[in-house]
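Observations on chain architecture
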Amino acid sequence: MKYFIKTFGCQMNVYDSKRIADILHNIGYTEAHTPKDADLIIFNTCHIREKAAEKVFSDLGRTKLIKDERTEKDLDTVIGLVGCVVQAEDGEIAKRAPYVDFAIGPLTYHRLPEILTKIGRERGTTIIDTDFPAEAKFDFLPENVSQGGCSFLAIQEGCDNFCTYCVVPYTRGAEYSRPIKDIVEEARRLVATGSLEINLLGQNVNSFHGEDENGKDRNLAYLLRQLAEIDGLKRIRYTTSYPSDVDDDLIACHRDLEMLMPYLHLPIQSGSDKVLKAMNREYTSKDYLTLIEKLRKANPKIGMSSDFIVGFPGETDEDFQATLDIVNEVKYIQAYSFKYSKRAGTPAAVYKNQVIEKIKEERLQILQDLLFSYQLKFNKESVGKIMPVLFDMKGRHKGQFLGRTPYMQNVHANLDDTYFNKIVDVKLIDATTNSLSGEIVAGKAK
Ligand code: SAH
Ligand code: SF4
Ligand code: F3S
């Protein structure tokens, strides 16, 4: 039996898809190269903005055609949905796509083997499982092994912040942190099977507070220091952080731990205190800037990244200008920016002072032009420097590999296979906004 998984959304979904693949390998499935060859097609879905959620349903329509073609050849196809759309729209799925065989929320995919057995017995209905279960799915997953030089590791899930625009507290549930022992074990296994870099994931990763072996509550800084002891691990990252939850211990880690990469994704969303308040973010722009000052004092080389929302209900030209001011102040080396998207069930969706689409579009364009100019400037300033790059992806052409610098910049280089999934010193020779090219500096891979 063969499976095909298509992943939408954030890095947590990428991690979840990998773990779903692990479950399927455990029960005898292998990966199909295209959905046409798959007996089981799974979409791991995202509900964060309207576009993301609607894309799932349009892609599903195409998958139905594949299912029909396979049926004509007497081949059975099971279609499943997992992820945040399922949690948010469980009532709609059977109506909008009745040919979907199962739909499981992000917290119950460990039950996939039972669900597949059940489907084997009864076809024709959509099995839905959107529990927020008492048990943690992590306790029921197969061992996580590395697939390359760089791995994700979920340490925290869910969110209690309830920003007024965001679906995550409803789709991923309340905050949950995994026990330290389990995380360290998973990290050791990833390193033992080839990972040089681990990216710790959580919707609100720096609110992590896991129990140590003695039942004592510990913070993210404690966990980072434990992980830094693992022999063979070269790089650690963590994402995504909430500004008010960055504590002094965490800042000290950026001073002390060399393997903690000098890059931090710390979303501010807006530079206007009025908008931040309406978003229910718990900091002011001044708090945020003070925090960045402290981080830069701890590690002067740190590069910052952020998420931004433009056109949040009530955002005026002055509010938007405050966002541009923050960008000019911080000089982000990378950032993600979005137009505000109304999400049913969130408070901001029914705010009366919605911003019209045309203004949202104009503001997004202005913001992105400014963000890209800083990103390009940083990349251009990197040209001529030698940086360690972890190459873990193959490029389009033979012998071309794609990797990342400590600052998360994409680097292309032509290398021989011995350097794949290794960290190599690379001289950066050319830069665009989104990537750099480089050539290897004589020497050994690390
Ligand atoms: N937990 C992270 C972000 C998770 S969602 C944090 O708090 O920063 C990823 C990003 O999507 C958010 O940072 C935000 O910029 C964007 N986003 C979330 N909901 C959105 C909405 N309704 N419309 C537009 N962008 C949104
Ligand atoms: Fe969403 Fe806010 Fe939680 Fe981030 S902190 S996941 S934006 S509710
Ligand atoms: Fe999307 Fe869910 Fe991640 S809504 S951004 S897949 S947490």
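Keep in mind that what you see is a predicted model, and the values were worked out from it rather than measured.

Let's talk about the pairing of strand 21 (residues 435-440)
By the bridge criterion, three bridges tie strand 19 (residues 410-414) to strand 21 in an arrangement that is parallel. Note on strand 21: the bridge partner recorded for Val411 is Leu436. Judged from the five bridges that link them, strand 20 (residues 422-431) and strand 21 form a sheet pairing that is antiparallel. Considered in strand 21, the bridge of Leu428 is made with Gly438. Counted between consecutive antiparallel strands, the loop separating strand 20 from strand 21 contains three residues.

Some words on the pairing of strand 19
Here strand 19 shows a clear split, with Val411 and Ala413 buried on one side and none of Asn410, His412 and Asn414 buried on the other. Here strand 18 (residues 400-404) runs beside strand 19; their pairing, made up of five bridges, is antiparallel. By the bridge assignment, Arg404 is partnered in strand 19 with Asn410.

So, the site of ligand 1
Around ligand 1, the structure places 15 residues, and the nearest of them are Arg49, Gln203, Gln269, Asp307 and Ser341. In this structure, an oxygen atom belonging to ligand 1 sits 2.6 Å away from a side-chain N or O atom of Asp307. More than half of the atoms of ligand 1 fall within 2 Å of the grid points belonging to the largest pocket. Those elements that provide at least two residues to the shell around ligand 1 are strand 15 (303-310) and strand 16 (334-339).

Observations concerning the domain arrangement of the chain
Per the domain assignment, the segments making up the chain are domain 1 (2-129), domain 2 (143-261), domain 3 (295-381) and domain 4 (383-440). The distance between the C-alpha centroids of domain 1 and domain 4 comes to 34 Å.

Things to note about the state of the cysteines
In this structure the tally under the stated criterion is zero disulfides. Cys150 forms no disulfide, and the closest cysteine sulfur to it belongs to Cys10, at a distance of 16 Å. Residue Cys150 is classed as partly exposed on the basis of its relative accessible area of 29%.

Let's talk about the packing of aromatic side chains
Applying the stated criterion across every chain, the model contains 11 aromatic pairs. Through pairs of rings, three or more aromatic residues link up here, namely Tyr165, Phe312, Tyr340 and Tyr351. The lysine or arginine in question, Arg49, covers the ring of Phe338, its NZ or CZ lying 3.6 Å from the ring centre. It is Lys394 that lies over the ring of Phe420; its NZ or CZ is 4.6 Å from the centre.

Some words on the layout of surface pockets
Approximately 1,400 Å³ is the volume found for the largest pocket. Together, 49 residues line the largest pocket, and Cys10, Thr240, His265, Asp307 and Phe338 are the ones closest to its centre. Those elements giving two or more residues to the lining of the largest pocket turn out to be helix 1 (11-26), helix 6 (168-171), strand 10 (197-201), strand 13 (235-239), strand 14 (263-265), strand 15 and strand 16. A per-element tally of the lining of the largest pocket places strand 16 first, with four residues. Taken together, the residues of the lining of the largest pocket break down into 23 nonpolar, 18 polar and eight charged. Roughly 810 Å³ of internal volume is contained in the second largest pocket. Along its surface, the second largest pocket is lined by 29 residues, and Val14, Gln147, Cys150, Phe152 and Asp392 are the ones closest to its centre. Contributing elements (two or more residues each) for the lining of the second largest pocket: strand 1 (2-7), helix 1, strand 7 (150-154), strand 10 and strand 17 (386-394). Per-element accounting of the lining of the second largest pocket gives the leading share, seven residues, to helix 1. Residues that form the lining of the second largest pocket fall into these classes: 12 nonpolar, 11 polar and six charged.

With respect to the sheet that holds strand 2 (residues 30-31)
Taken in spatial order, the six strands make up an open sheet running 2-1-3-4-5-6, and their pairing is parallel. One side of each edge strand has no neighbouring strand; the edge strands of this open sheet are strand 2 and strand 6 (127-129). Sheet topology places strand 4 (residues 78-83) next to strand 5 (residues 102-104); three bridges connect them, and they run parallel. Following the sheet pairing, Leu81 is matched in strand 5 by Ala103. Lying over the sheet, helix 1 contacts strand 1, strand 2, strand 3 (40-45) and strand 4, oriented at roughly 170° with respect to strand 1.

Points about the pattern of salt bridges
If you walk through the whole model with that rule in mind, you get 34 salt bridges. For Glu92, the salt bridge goes to Lys95, with nearest N and O atoms at 3.7 Å. Here Glu92 and its partner Lys95 are both found in helix 4 (residues 90-96), three residues apart, which amounts to about one turn of the helix. One continuous salt-bridge network, built from bridges that share partners, spans Lys18, Arg19, Asp22, Arg178 and Glu186.

Rules and cut-offs
Residues numbered from 1 in each chain as written. Chains lettered and ligands numbered in written order. Predicted model: local features only at pLDDT ≥ 70, side-chain atom pairs only at ≥ 80, totals over all residues. Heavy atoms only, no water. Pairing = 2+ DSSP bridges. Helix = DSSP H or I, 4+ residues; strand = E, 2+ residues; numbered from the N terminus. Buried < 20%, exposed > 50% of the residue type's maximum accessible area, 1.4 Å probe, protein only. Near = heavy atom within 4 Å. Polar contact = N/O pair within 3.5 Å; in protein donor to acceptor, adjacent residues only side chain to side chain. 1 Å grid on protein atoms, 1.4 Å probe; cavity = no way out; pocket = protein on both sides within 12 Å on 5 of 7 lines; lining within 4 Å. Sits in = over half its atoms within 2 Å of the grid points. Domains from an automatic or database assignment. Disulfide = S-S within 2.5 Å. Phe/Tyr/Trp six-rings, centres within 6.5 Å; stacked < 30°, edge-to-face > 60°. Lys NZ or Arg CZ within 6 Å of the ring centre and 35° of its normal. Points joined across faces, edges and corners; volume = space filled by probe spheres on them. Nonpolar A, V, L, I, M, F, W, Y, C, P; charged D, E, K, R; others polar. Contact = heavy atoms within 4.5 Å. Axes fitted to C-alpha atoms, helices over the stretch in contact; angles between N-to-C directions. Salt bridge = Lys/Arg side-chain N within 4 Å of Asp/Glu carboxyl O.

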